[in-house]
Amino acid sequence: LAPRRGWVFPGLDQRLAAVRALVSAAPPARPYAAAAKSAKKGSQKTKQEETKKKKVTRRRPLMSKPVDDVYLTWYYERPSYDVEEAVGMLKKFQELDFTYPKQYVYINVFLDMALQKKKKVDPFASTVLLPYRFTDETNKVLVFTENEQEAEIARENGAAVVGGVELIKWILEDEIQVDFYVAVPAIMPKLIPLRNKLRRKYPNTKRNSLGHDIPKMLQLFREGLEYMVEDERVIKTRIARLDMPTEQIVANLKTVIHDICTFKPSTYGPFVQKLVIRSSTSEGLLLNLDGLVPQVEKVEEEKNAEDDEEKHVQESVST
């Protein structure tokens, strides 16, 4: 068979010997191959990070207004509307879309929290009594008092729970849960164990939850609207129902904006940077801040007065 095999495949033995020699002479596996692969992966990551750091070229928006209401948003600046016009547009959207007519109206308020010397306004929460109520829901309010006459007044004005020191244990054990807590000044030294439990709901004069006027405090916290700062600079809250008259929706919006602006002094510039209004089913409409933010007008007047004084001083010096 050997001669026949060699005859069918001439030179086969020589070829097999050459293959064995090559296999035996193959270099050993490199121990640093894995390191080289990891280095390649690292270089790819750095390249990806560099591409991310590169600035994205943005198209400059055009100053002219679009011809109709269908346009490319990156070519035109976002239009702003007066508050009455925007509310009217929301009502038209509801009629065209056949959506629920009694849906809620919301606002998104974007704030400038910066103060001088890298300080910022701390995120805050507040409760405001709107001129026109838009819901029949009421909050549960607990009144801290040890005076029997004050306790009777609290019950007559709709307090959910009324009591004194005996309520502390039940609150710490979560046996009593309400939406807000109000108190009279005489009982405050006894409520210190609740400070860490209640936190921002702890009775405080700044939040109007500490005082002698129990009926006024109960009306504020039973019927009032609570809002708070989210994501360090944004307030999102509802202010009305869409089926309410436009004048009432505007009045509620101005009340909330004026209450927000009290948390930053006017000397540091305008507090509200951007204001968007929308309904439950519509897009957001950017509002024109003229006439809605009183702090802007005051700051501008002060700057104009200072400029006039500087002009007078320069004129007097030149003469």
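Think of each chain on its own: its residues are numbered from 1, step by step along the sequence as written. In keeping with the model being predicted, local features are shown solely for residues with a pLDDT of at least 70 and side-chain atom pairs are shown and tallied solely at 80 or more, while totals for entire chains, interfaces and linings include all residues. For side-chain calculations, the full set of non-hydrogen atoms in the structure is used, while hydrogens and water are omitted.

**Q** Help me get a handle on the sheet that holds strand E9 (residues 272-279), residues and values and all.
**A** Strands qualify as paired when DSSP identifies two bridges or more between them. In DSSP terms, a helix is any run of H or I states spanning at least four residues, a strand is any run of E spanning at least two, and both are numbered starting from the N terminus. The seven strands lie next to each other as E1-E10-E9-E2-E8-E7-E3, forming an open sheet whose pairing is mixed. Sheet topology places strand E1 (80-81) and strand E3 (125-128) at the edges, where each strand pairs with a single neighbour. The contact criterion used is simple: two residues touch if any of their non-hydrogen atoms lie within 4.5 Å. Note on method: axes are straight lines fitted to C-alpha atoms, helices fitted across the in-contact stretch only, with angles between N-to-C directions ranging 0 to 180 degrees. Strands E1, strand E2 (104-111), E9 and strand E10 (285-287) of the sheet are contacted by helix H4 (residues 83-97), whose axis makes an angle of about 165 degrees with E10. Sheet strands touched by helix H9 (residues 246-260): E2, E3, strand E7 (225-230), strand E8 (234-241), E9 and E10. Its angle to E8, the strand with the most contacts, is close to 155 degrees.

**Q** Explain the nonpolar core residue by residue, including any values.
**A** In terms of nonpolar packing, the biggest core is built from 40 residues, with Val-109, Leu-111, Phe-124, Leu-253, Ile-260, Leu-275 and Ile-277 touching the most fellow members. Breaking this core down by element, the ones donating at least two residues are H4, E2, E7, E8, H9, E9 and E10. Per element, the largest residue contribution to this core is six residues, and it comes from H9. Among residues more than four places away in sequence, those in contact with Ile-277 are Ala-86, Val-87, Leu-90, Val-105, Tyr-106, Ile-107, Leu-253, Glu-283, Gly-284, Leu-285 and Leu-287. Each nonpolar core is a collection of buried residues, namely Ala, Val, Leu, Ile, Met, Phe, Trp, Tyr and Cys, held together in the definition by side-chain atoms within 4.5 Å. The buried label applies to any residue whose accessible area, calculated with a 1.4 Å probe on protein chains only, is under 20% of its type's maximum; exposed applies above 50%, and partly exposed to all values in between. Listed in part, the 30 residues of the second largest apolar core include Phe-180, Val-184, Leu-198 and Met-217.

**Q** Provide a residue-level description of empty space enclosed by the protein, including the pertinent values.
**A** Definitions used for this entry: grid spacing 1 Å over protein atoms alone; cavity, a set of points where a 1.4 Å probe fits but cannot get out; pocket, an open set with protein on both sides within 12 Å along at least 5 of 7 lines; lining residue, one with an atom within 4 Å of a point. Grid points are joined across faces, edges and corners, and a volume is the space filled by probe spheres set on the points. As enumerated under the stated definition, the model contains one cavity of 30 Å³ or more in all. Size it by volume and the largest cavity reaches roughly 50 Å³. Lining the largest cavity, in full, are Phe-180, Tyr-181, Arg-200, Lys-201, Tyr-202, Arg-207, Ser-209 and Phe-221. Under this grouping Gly is polar, as are all residues other than the nonpolar Ala, Val, Leu, Ile, Met, Phe, Trp, Tyr, Cys and Pro and the charged Asp, Glu, Lys and Arg. Looking at the lining of the largest cavity residue by residue, the classes come out as four nonpolar, one polar and three charged.

**Q** How would you sum up the sheet that holds strand E6 (residues 180-183)? Please name residues and give values.
**A** In sheet architecture, strand pairing relies on hydrogen bonds along the backbone and comes in two forms, parallel and antiparallel. Taken together, three strands build an open sheet; the order of strands is E5-E4-E6 and the sheet is parallel. Strands at the two margins of the open sheet, each flanked by one partner only, are strand E5 (161-163) and E6. Here the average twist between neighbouring strands, direction ignored, is 15 degrees. Bridge count between strand E4 (residues 141-144) and E6: four bridges; the pairing is parallel.

Read these as spatial facts, not as claims about activity.
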